[in-house]
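Coordinate analysis (summary)
Residues per chain, in single letters:
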Amino acid sequence: APAITTCSSSTSGQADNESHRLVPLQCDQVLDQMAEMSVNAILAVADFERKDVNLDLIKMEGKPGGQMEDSQLVYGIVLDKDFSHPGMVKEVKDAKMCILTCPFEPPKPKTKHNIAIDTVEKYENLAKQEQQYFIEMVQKIKDSGANLAICQWGFDDEANHLLYQNELPAVRWVGGVEIELLAIATGARIVPRFSELTPEKLGTAGTVREVSFGTTKDRMLFVEDCKNSKAVTIFVRGANKMIIEEIKRSIHDALCIVRNIVRDNRVVYGGGAAEVTASLAVTNAAKKITGVDQYAMRSFADALETIPMVLAENSGMSGIDSLGQIKKRQVEENNPYLGVDCKQMGTNDMKAQKVLETLHGKKQQFLLATQVVKMILKIDDVISPSQYA
């Protein structure tokens, strides 16, 4: 639950832009849905022993049309492809797939040759030989026990028709990234030659189904219930490509936040509450130090207060007044959860508003900002290009 709440806090800004036509209740539902999808995706691929997450195992696929609410998390792979022949079955249960990176065509000589065909018999023999190559390739796939062929390259109509006749569904022109993800998810070995195809190199999946969307006849393949569940796809829907890309960026931010929680599950409260608390702590520490060092610490404390001040100004409030009130209340009430009420909800308690940030992310913000300042201080002169014009 805290992970979902933290995700909702992080994605609220982006999702609000996309859902501005929705009523607030629907907007909250979309936010919760996106946050829950992000958390479930990370939980599916996370390595809790090492406390790390490989985000490459989470694929994001988008298709224009539909609403944000139609987005879903698929425990498997989604391919922007369809079966090569319209007559092939649209769903394969208990799929045993072979993943081929070799072309579905007769072998080509490495040197250039010219074949002179001057009779009908020679042409028929050539066509028969070519067809025999295709028959042997299809037979090798059947002999291995595969009931689905995934090919990185294309194949012509004759090969396609033979596959259809042998009731062997096939997918062509599958990209290299998708091929690798499929191999990871299904436990398959990528086969570079038909002669190397064996039953041990096949991948398994519970269901491979072709899904159509609306009246646009767009079709995609869903590979689900894979042998290795540590590969998931977030399937995003939206009105157009621009909105889909924006949703993808928001979800990526949420995924990074959940990854930070996996690395370190501690959280701090947002809305500038953490910065004000840290500023007060640094100021109190500066009072105990004599010498010039205390001025550097006070300046650091002042810099921390910039965040809540900017937050208040961006929300249409007076930055100085808001910061003064929050600092005063934090000291008087000894409550470190008080921050800027950006959403105008009537309370400054970020714990009540459920505005959270990861401690890992907050530490990185402070560290990077401090490093940048130290780098600038090391520069004792700035060369202006206009001096040499």
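One can find the structure itself at the top, above this paragraph.
All of these numbers come straight from a predicted model, not from anything done at the bench.

Our focus in this paragraph is the packing of helix 7 (residues 273–287) against helix 8 (residues 293–304). Where helix 7 meets helix 8, the axes come as close as 8 Å, and the angle between the chain directions of the two elements is 165°. The angle between helix 7 and helix 8 falls in the class roughly antiparallel. Read as a crossing pair, helix 7 and helix 8 show a hand that is left-handed. Contacts between helix 7 and helix 8 pair E275, A278, S279, V282, T283, A285 and A286 from the former with Q294, M297, R298, F300, A301 and L304 from the latter. By residue class, the composition of the contact of helix 7 with helix 8 is eight nonpolar, three polar and two charged.

Using the criterion set out here, one finds 19 salt bridges in the structure. Residues R219 and D82 are paired through a salt bridge, measuring 3.1 Å at the closest nitrogen-oxygen approach. Linking R219 in strand 9 (residues 218–226) with D82 in the loop between strand 3 (76–79) and strand 4 (91–100), this pair joins segments that are 137 residues apart in sequence. Residue classification places R219 among the partly exposed positions, given a relative accessible area of 33%. A salt bridge links E245 to K248; its shortest N-O distance comes to 3.8 Å. Taken together, the positions of E245 and K248, both in helix 6 (residues 241–263) and three residues apart, correspond to about one turn of that helix. The exposure class of K248 is buried, given its relative accessible area of 19%. Taken together, the shared-partner salt bridges in this structure form one network comprising D47, R50, D52 and R263.

Procedures and definitions
- Residues numbered from 1 in each chain as written.
- Predicted model: local features only at pLDDT ≥ 70, side-chain atom pairs only at ≥ 80, totals over all residues.
- Heavy atoms only, no water.
- Axes fitted to C-alpha atoms, helices over the stretch in contact; angles between N-to-C directions.
- Helix = DSSP H or I, 4+ residues; strand = E, 2+ residues; numbered from the N terminus.
- Parallel < 35°, antiparallel > 145°, perpendicular 65-115°, else oblique.
- Left-handed = near helix turned anticlockwise from the far one by under 90°.
- Contact = heavy atoms within 4.5 Å.
- Nonpolar A, V, L, I, M, F, W, Y, C, P; charged D, E, K, R; others polar.
- Salt bridge = Lys/Arg side-chain N within 4 Å of Asp/Glu carboxyl O.
- Buried < 20%, exposed > 50% of the residue type's maximum accessible area, 1.4 Å probe, protein only.

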